[in-house]
Amino acid sequence: MKIPYKIYLAENEVPTQWYNVRADMKTKPAPLLNPGTGKPLTLEEMQPIFCTELIKQELDNDTKWIDIPEEVLNFYRMFRPSPLVHAEFLEKALDTPAKIFYKFEGNNTSGSHKLNSAIAQAYYAKAQGLKGVTTETGAGQWGTALSMACQYFGIDCKVFMVKVSYEQKPFRREVINTYGASIIPSPSDTTNVGRKILAEHPGTTGSLGCAISEAVEVATSTEGYRYVLGSVLNQVLLHQTVIGLETQTALKKFGIKPDILIGCTGGGSNLGGFVSPFMGEMLRGEADYKIIGVEPASCPSFTRGKYAYDFCDTGMICPLAKMYTLGSQFIPSANHAGGLRFHGMSPILSELYDEGLMEARAYEQTSVFSAAVQFARAEGILPAPESSHAIRCAIDEALKCKETGEEKTIVFNLSGTGYFDLYAYKNFNEGTMNDYIPTDEEIAAALAKLPQVKA
Ligand SMILES: *Cc1c(COP(=O)(O)O)cnc(C)c1O
């Protein structure tokens, strides 16, 4: 059977259940801890912050398949199934015997996979009878996805956007406005924590950690509101498994067996969702794949971090997660344009990596952007800088095949498009982009501030 350039599934082949990889893991990811008591967080303790059904998903290590609510499936129809593309043009440009495929998650207005989880989280908030949700956004993809999802279910959405992005990305802000969310540059004078930070650091341009602190404060102090997060958590990886399940179905249709699966890693949600079903086959002893997570050399959580309990936010108010981390006080260099700036990593992927079930690689941003440009010129799509980390790795693996003559099948997740990252492209195209790799001393200094937890 000739493989088409784009493999589209039929609408009724979109998965109706999410796959919970934790059910197949022998060692479960470590639980979130209450930083006050050092004990695992209970449903009751999390209820003031998170939606109840989402907490249940967070804590559920055993249910292998979880039904996708019909209302969510209905929304998925607007942008799913997403195509699996046979990158024939890239193969030709590289002159490689390898077969390259990519799953394209950028074909919705948020420009990334984040809508897969945003719509699920907005649904559970609505079903619980809440008035609205709060969140933070850095680059803006998550804020956009959540504003679209909340608008669809008719609930309010308050987005705290890191001030520097708010000022540098006015168009991203306008997309969020279009979907009716309120968007507040962080730090702001609308919260106690924001006013405190502004008094201590006048003129600060903000950070993700600060925006999280403000969003959590508003959620916990406003009746009918909860806080939602777009990555890292188990529930988010669960929702993102629609990516991997569709990929698996599409590959099976044409009898394609992947050798290498690749995705970029910020907090781990797109890679986790993409590889979970394949990881499940490995955990059950049915198949073997080489799975690679790709991160920026300027924020190398997997490759240079430590597997330890740490705060998920710079403000040190969120629960403790056991994960590969550079320390919650680690701040990537200001010249870093390529996204994926989170200091930690999904606890699920951290456990799988620790067990040697997946690998990780770190690339410098100029080499990532050169892969982005090569990909854009060959395949037409302008990739997100984040996704371009996966492209860099896929190209390198394909070039290795060219040397050895092996016809490996490489499948990577193209998590999104880069239309709001044109300043970064401009810097790269004009030759003014440079690389920064943190020194061992910098990383050691941030790791020295890890919380003391017996784990
Ligand atoms: C947010 C984002 C990422 C990184 O987040 P993960 O949770 O690691 O997937 C990657 N690619 C795109 C396009 C994003 O918007």
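## Some details on the nonpolar core
Reasoning step 1: If you look at the biggest cluster of nonpolar residues, it comprises 38 residues, and the most contacted ones within it are Trp18, Tyr76 and Leu146.
Reasoning step 2: Among the secondary structure elements, those contributing two or more residues to this core are helix H3 (70-76), helix H5 (115-127), helix H6 (141-153) and strand S7 (156-162).
Reasoning step 3: Considering each element in turn, this core owes the most residues, eight residues, to H5.
Reasoning step 4: Core analysis: the second largest hydrophobic core is formed by 35 residues, Tyr19, Met25, Phe101 and Phe302 among them.

## A word on the site of the ligand
Reasoning step 1: Among the 18 residues in the neighbourhood of the ligand, the closest are listed as Lys114, Ser231, Gly266, Ser269 and Ser415.
Reasoning step 2: Here an oxygen atom of the ligand and a backbone polar atom of Gly268 are 2.8 Å apart.
Reasoning step 3: At 2.7 Å from an oxygen atom of the ligand is found a side-chain nitrogen or oxygen belonging to Ser269.
Reasoning step 4: Look at the ligand: alone it shows 380 Å² of surface, and the protein chains cover 94% of it.
Reasoning step 5: Looking at the shell around the ligand, the elements with two or more residues in it are helix H13 (269-283) and helix H17 (385-404).
Reasoning step 6: Among the residues forming the shell around the ligand, the class breakdown is three nonpolar, 13 polar and two charged.

## Overview of the layout of surface pockets
Reasoning step 1: The space that makes up the second largest pocket amounts to roughly 240 Å³.
Reasoning step 2: Along its surface, the second largest pocket is lined by 14 residues, and Ile197, His201, Ser207, Gly209 and Cys210 are the ones closest to its centre.
Reasoning step 3: Every element with two or more residues in the lining of the second largest pocket is listed here: helix H9 (192-200) and helix H10 (208-221).
Reasoning step 4: Here the residues of the lining of the second largest pocket are counted per class, giving five nonpolar, eight polar and one charged.

## Concerning the pattern of salt bridges
Reasoning step 1: On inspection of all chains with the given rule, the structure shows 21 salt bridges.
Reasoning step 2: For Glu246, the salt bridge identified is with Lys103, shortest N-O distance 2.7 Å. Here Glu246, found in helix H12 (residues 241-253), pairs with Lys103, found in strand S5 (residues 99-104); they are 143 residues apart in sequence, far enough to count as distant. As far as the burial class goes, Glu246 and Lys103 line up, both buried.
Reasoning step 3: When salt bridges with common partners are traced through the structure, they connect Lys290, Glu359, Arg361, Glu397 and Lys400 into a single cluster.

## Here's the deal with the environment of Leu237
Reasoning step 1: Tracing the sequence through the fold places Leu237 in helix H11 (residues 234-239).
Reasoning step 2: The buried category is assigned to Leu237, whose relative accessible area is 2%.
Reasoning step 3: C-alpha of Leu237 to C-alpha of Ser346: the two residues are 109 residues apart in sequence and 8.3 Å apart in space.
Reasoning step 4: Apart from residues no more than four positions distant in its own chain, Leu237 is found in contact with Val232, Gly268, Ser269, Gly272, Gly273, Ser346, Ile348 and Leu349.

## Notes on empty space enclosed by the protein
Reasoning step 1: Applying the stated criterion across every chain yields a total of three cavities of 30 Å³ or more.
Reasoning step 2: Computed from the structure, the largest cavity encloses a volume of approximately 70 Å³.
Reasoning step 3: Around the largest cavity sit Pro296, Ala297, Ser298, Asn335, His336, Tyr363, Glu364, Gln365, His389, Asn434, Asp435 and Tyr436, which together line it.
Reasoning step 4: Of the residues that constitute the lining of the largest cavity, the class distribution is four nonpolar, six polar and two charged.
Reasoning step 5: Taken as a whole, the second largest cavity holds about 40 Å³ of empty space.
Reasoning step 6: With three residues, H11 is the single largest residue contributor to the lining of the second largest cavity.
Reasoning step 7: Of the residues contributing to the lining of the second largest cavity, the split by class is five nonpolar, four polar and one charged.

## Topic: the environment of Tyr102
Reasoning step 1: Here Tyr102 shows up in strand S5.
Reasoning step 2: By relative accessible area, which is 1% here, Tyr102 ends up buried.
Reasoning step 3: C-alpha of Tyr102 to C-alpha of Leu90: the two residues are 12 residues apart in sequence and 11 Å apart in space.
Reasoning step 4: Here the side chain of Tyr102 touches Glu379 through a polar contact of 3.1 Å, side chain to side chain.

## Some remarks on the packing of H9 against H10
Reasoning step 1: Where H9 contacts H10, the two axes come as close as 8 Å, and the packing angle between them is 145°. For the pair formed by H9 and H10, the contact residues are Asn192, Val193, Gly194 and Ile197 on the first element and Cys210, Ser213, Glu214 and Glu217 on the second.
Reasoning step 2: Tallied by class, residues from the contact of H9 with H10 come to three nonpolar, three polar and two charged.

## With respect to the sheet that holds strand S10 (residues 260-264)
Reasoning step 1: Ordered by their spatial adjacency, seven strands build an open sheet running S1-S4-S5-S15-S10-S11-S14, and the pairing between neighbours is mixed. Among the strands making up the open sheet, the edge pair consists of strand S1 (6-7) and strand S14 (359-363).
Reasoning step 2: Summarising the sheet, S1 and strand S4 (residues 84-86) pair through two bridges and their orientation is antiparallel. Bridging from a neighbouring strand, Ile7 pairs with Leu84 of S4.

## Some thoughts on the sheet that holds strand S9 (residues 225-227)
Reasoning step 1: Here four strands make up an open sheet; going across it, the order is S8-S7-S6-S9 and the pairing parallel. At either end of the open sheet lies a strand with only one pairing partner, and these are strand S8 (182-186) and S9. The average undirected angle you get between the axes of adjacent strands in this sheet is 25°.
Reasoning step 2: The sheet strands contacting H6 are strand S6 (132-137) and S7, and the helix crosses S6 at an angle near 165°.

Conventions used here
Residues numbered from 1 in each chain as written. Predicted model: local features only at pLDDT ≥ 70, side-chain atom pairs only at ≥ 80, totals over all residues. Heavy atoms only, no water. Core = buried A, V, L, I, M, F, W, Y, C linked by side-chain atoms within 4.5 Å. Buried < 20%, exposed > 50% of the residue type's maximum accessible area, 1.4 Å probe, protein only. Helix = DSSP H or I, 4+ residues; strand = E, 2+ residues; numbered from the N terminus. Near = heavy atom within 4 Å. Polar contact = N/O pair within 3.5 Å; in protein donor to acceptor, adjacent residues only side chain to side chain. Areas by Shrake-Rupley, 256 points an atom, 1.4 Å probe, with all protein chains shown as cover. Nonpolar A, V, L, I, M, F, W, Y, C, P; charged D, E, K, R; others polar. 1 Å grid on protein atoms, 1.4 Å probe; cavity = no way out; pocket = protein on both sides within 12 Å on 5 of 7 lines; lining within 4 Å. Points joined across faces, edges and corners; volume = space filled by probe spheres on them. Salt bridge = Lys/Arg side-chain N within 4 Å of Asp/Glu carboxyl O. Contact = heavy atoms within 4.5 Å. Axes fitted to C-alpha atoms, helices over the stretch in contact; angles between N-to-C directions. Pairing = 2+ DSSP bridges.

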